[in-house]
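As a plain string of letters, each chain reads:
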Amino acid sequence: MLSKSILVIIDQPTPYHHIDTLYFLTAIKNKYKPDTVVNIGDEIDWHSISFHDKHPGLYSPSHELQVASEFFKNLEKLFPKQYIMD
């Protein structure tokens, strides 16, 4: 029987994700060589438009989207085929 490995990526609250997220996921990919990648969502933090208390020093919605877009371009390069649950 063929063994398969599944990588589940959770909660990347960009732009407030950990600075080493992509480095860590690259290491996981290289070590475990997952057959399937599932991204279960919560990709963008949206701090500026959430119901939580706001902090004026954090990113605006457009800046959050800009940073998140760049992060997800890199994530897509790393895992061109992934299932995204949202």
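Above this text is the structure in question.
Source: prediction; values computed, not measured.

The rules we used
Residues numbered from 1 in each chain as written. Predicted model: local features only at pLDDT ≥ 70, side-chain atom pairs only at ≥ 80, totals over all residues. Heavy atoms only, no water. Helix = DSSP H or I, 4+ residues; strand = E, 2+ residues; numbered from the N terminus. Buried < 20%, exposed > 50% of the residue type's maximum accessible area, 1.4 Å probe, protein only. Contact = heavy atoms within 4.5 Å. Polar contact = N/O pair within 3.5 Å; in protein donor to acceptor, adjacent residues only side chain to side chain. Expected span 1.5 Å × (residues − 1). Arc of directions from axis to C-beta.

Undergrad: Whenever I open this one, the environment of D45 confuses me. Can you help?
TA: Mapped onto the fold, D45 is located in the loop between β2 (36-39) and α2 (61-78). Residue D45 is classed as partly exposed on the basis of its relative accessible area, which comes to 30%. Along the chain, D45 and K31 lie 14 residues apart, while their C-alpha atoms are 29 Å from each other. Aside from chain neighbours lying at most four places away, what touches D45 is P13, T14, P15, Y16 and E64. Engagement of the side chain of D45 in a polar contact is seen with the backbone nitrogen of H47, the distance being 3.1 Å.

Undergrad: So what exactly am I meant to see when it comes to helix α1 (residues 21-32) here?
TA: Each full turn of the α-helix corresponds to 3.6 residues, which orients residues three or four apart in the same direction. For α1, with 12 residues, the first-to-last C-alpha span of 16 Å sits near the 16 Å given by 1.5 Å per residue. T21, L25 and I28 are the residues of α1 that are buried. Down the axis of α1, the smallest arc covering the buried residues is 55 degrees, so these residues share one side. In α1, those exposed residues whose orientation departs by more than 90 degrees from the buried face are Y23 and K31. In the stretch just after α1, K33 is the one whose phi turns positive, near 45 degrees.

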